[in-house]
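The chain contents come next:
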Amino acid sequence: MANHAPEPPGRLVSHFANRSREQQSDGWDSLWESSENDLWDRGMPSPALIDYIESKPDVLCAPPHGRRLRAFIPGCGRGYDVAMLALHGFDVYGLEVSAKGAEVARHHATKELEHPQGYNIGDESWSGTQPGAVKIIAGDFFARDWERTLAEDEWEGFDLIYDYTFLCALLPEMRKDWARRMRELVAPSGVLVCLEFPMYKDLKATGPPWGLRGVHWNLLAEGKDGVLHEPGPETGAGAGGPFRRIAYFRPARSYEAGRGADMLSVWKPQ
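Residues numbered from 1 in each chain as written. Predicted model: local features only at pLDDT ≥ 70, side-chain atom pairs only at ≥ 80, totals over all residues. Heavy atoms only, no water.

Thoughts on the environment of Ala221
Right, so step 1: On the secondary structure map, Ala221 appears in helix α8 (residues 215-221).
Right, so step 2: Between the alpha carbons of Ala221 and Ala239 there is a distance of 6.3 Å; along the sequence they are 18 residues apart. (Helix = DSSP H or I, 4+ residues; strand = E, 2+ residues; numbered from the N terminus.)

This is the structure:
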């Protein structure tokens, strides 16, 4: 039998090899600057998120004082989900660590709000609404300086935070800080919605993207560090975690990259 050389690591894995936590932001920024954002660009908003929003879940009830629901997407990329949520009536804030990435997202959102594409709507019978406002911020999720831009809007926390490929892009050692920041940013009555990906990847395999099977439960329900070698049981209400899971299901639609293994989880702060 012929010997075969091991398959070389993917571009993202090789790009981030040996980069420390302090070098992560520069690593993503350099990929934006070299126009390599196609490595994670899905070309459309999340079908799973669209279907969830259009199902009109009770947890997304109208906020007090008659204001619009406020959504937040860290690591918003080109801004597909930012524009889609705005078209569904949210005031949406997107955060990108790269200044160029933020600029690209602003351009996409402006264009999409003026001339929406069909992929922003899941159910053709869904009744439209007046689009909300969009604000794209360049900043580090783990820092606090960018939050000053929220104070101008009488910010009280986000009603919806969405994470798809943000957690899986972070070094495992950063996961507990991710959970802490999510708890700080979500409103007391708000929800954190996660499209859990990749669920098929070995937890010991190098990322990004890093395998996440069982990680969300470990972090959010149990309050642990999210650094797993094998997924544990996900039973009970959790203990000691900053959130409780109120919904967990395999979405009828998702991206092909998820290989049919994506799960959608919805979390309330506690």
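Looking at the packing of aromatic side chains
Between two aromatic rings, the relevant description is the distance of the centres plus the angle of the planes.
Right, so step 1: If you walk through the whole model with that rule in mind, you get 12 aromatic pairs.
Right, so step 2: Aromatic side chains Phe141 and Phe142 sit 5.1 Å apart centroid to centroid with 85° between the ring planes, which places their arrangement in the edge-to-face category. The pair Phe141 / Phe142 is uniform in exposure class, with both members buried.
Right, so step 3: Measuring from centroid to centroid gives 5.4 Å for Tyr164 and Phe197, while their planes differ by 45°, and the two rings are tilted. Pair noted here: Tyr164 is in the loop between β4 (158-163) and α7 (175-185) and Phe197 is in the loop between β5 (186-196) and α8, with a separation of 33 residues, a long-range link. Neither Tyr164 nor Phe197 differs from the other in exposure class; each is buried.
Right, so step 4: Against the face of Phe142 rests Arg21, its NZ or CZ located 5.4 Å from the ring centre.
Right, so step 5: Sitting above the plane of the Phe141 ring, Arg181 keeps its charged end 5.7 Å from the centroid. (Phe/Tyr/Trp six-rings, centres within 6.5 Å; stacked < 30°, edge-to-face > 60°. Buried < 20%, exposed > 50% of the residue type's maximum accessible area, 1.4 Å probe, protein only. Lys NZ or Arg CZ within 6 Å of the ring centre and 35° of its normal.)

Thoughts on the layout of surface pockets
Right, so step 1: Each pocket or cavity is described by its volume, and for the largest pocket that value is around 1000 Å³.
Right, so step 2: What lines the largest pocket is a set of 48 residues, and nearest its centre among them are Trp28, Trp40, Thr165, Phe166 and Ala169.
Right, so step 3: Of all elements in the fold, only α1 (11-16), α2 (24-33), β1 (70-74), α4 (80-87), β2 (91-96) and β4 reach the threshold of two or more residues within the lining of the largest pocket.
Right, so step 4: The biggest single contributor to the lining of the largest pocket is α2, with four residues.
Right, so step 5: Here the lining of the largest pocket is built from residues that sort into 28 nonpolar, eight polar and 12 charged.
Right, so step 6: As a volume, the second largest pocket reaches approximately 330 Å³.
Right, so step 7: Lining the second largest pocket are 18 residues, and of these Leu60, Leu69, His88, Gly89 and Phe90 sit closest to its centre.
Right, so step 8: Residues of the lining of the second largest pocket, tallied by class, amount to nine nonpolar, five polar and four charged. (1 Å grid on protein atoms, 1.4 Å probe; cavity = no way out; pocket = protein on both sides within 12 Å on 5 of 7 lines; lining within 4 Å. Points joined across faces, edges and corners; volume = space filled by probe spheres on them. Nonpolar A, V, L, I, M, F, W, Y, C, P; charged D, E, K, R; others polar.)

So, the environment of Lys201
Right, so step 1: As for its placement among the helices and strands, Lys201 is situated in the loop between β5 and α8.
Right, so step 2: Taking C-alpha positions, Lys201 is 22 Å from Glu222, a pair spaced 21 residues apart along the chain.
Right, so step 3: Contacts of Lys201, omitting those with residues within four sequence positions, involve Thr206, Gly207, Pro209 and Gly211.
Right, so step 4: Only 2.9 Å separates the side chain of Lys201 from the backbone oxygen of Thr206, close enough to count as a polar contact.
Right, so step 5: Engagement of the side chain of Lys201 in a polar contact is seen with the backbone oxygen of Pro209, the distance being 2.6 Å. (Contact = heavy atoms within 4.5 Å. Polar contact = N/O pair within 3.5 Å; in protein donor to acceptor, adjacent residues only side chain to side chain.)

What about the side chain of Arg67?
Right, so step 1: Its place among the elements puts Arg67 in the loop between α3 (47-54) and β1.
Right, so step 2: A distance of 2.9 Å separates polar atoms of two side chains, one belonging to Arg67 and the other to Asp159.
Right, so step 3: Among residues more than four places away in sequence, those in contact with Arg67 are Glu156 and Asp159.

Observations regarding the packing of α2 against helix α5 (residues 99-114)
Right, so step 1: Interaxial distance between α2 and α5 falls to 8 Å at its minimum, and their mutual angle equals 55°. The angle between α2 and α5 falls in the class oblique. Across the interface between the two elements, Asp29, Trp32 and Glu33 from α2 touch Ala99, Lys100, Gly101 and Val104 from α5. (Axes fitted to C-alpha atoms, helices over the stretch in contact; angles between N-to-C directions. Parallel < 35°, antiparallel > 145°, perpendicular 65-115°, else oblique.)

Some remarks on α4
Right, so step 1: Most of α4 is tucked away, with eight of its eight residues classed as buried.
Right, so step 2: Of the positions making up α4, those classed as buried are Tyr80, Asp81, Val82, Ala83, Met84, Leu85, Ala86 and Leu87.
Right, so step 3: Tucked into the core, α4 has its buried residues touching α3, β1, β2, α5, β3 (134-138) and β4.

Section: unusual backbone geometry
Right, so step 1: Cis geometry marks the peptide bond from Phe197 to Pro198; its omega dihedral reads -10°.
Right, so step 2: A cis amide bond, omega 5°, links Gly207 with the succeeding residue Pro208.
Right, so step 3: Along the chain, Pro208 turns up in the loop between β5 and α8.
Right, so step 4: In this model, Ser35 sits at a positive phi of 55°, which is unusual for a non-glycine residue.
Right, so step 5: Checked against the element boundaries, Ser35 lands in the loop between α2 and α3.
Right, so step 6: One non-glycine residue, Lys56, adopts positive backbone phi at about 55°.
Right, so step 7: Locating Lys56 in the fold gives a position in the loop between α3 and β1.

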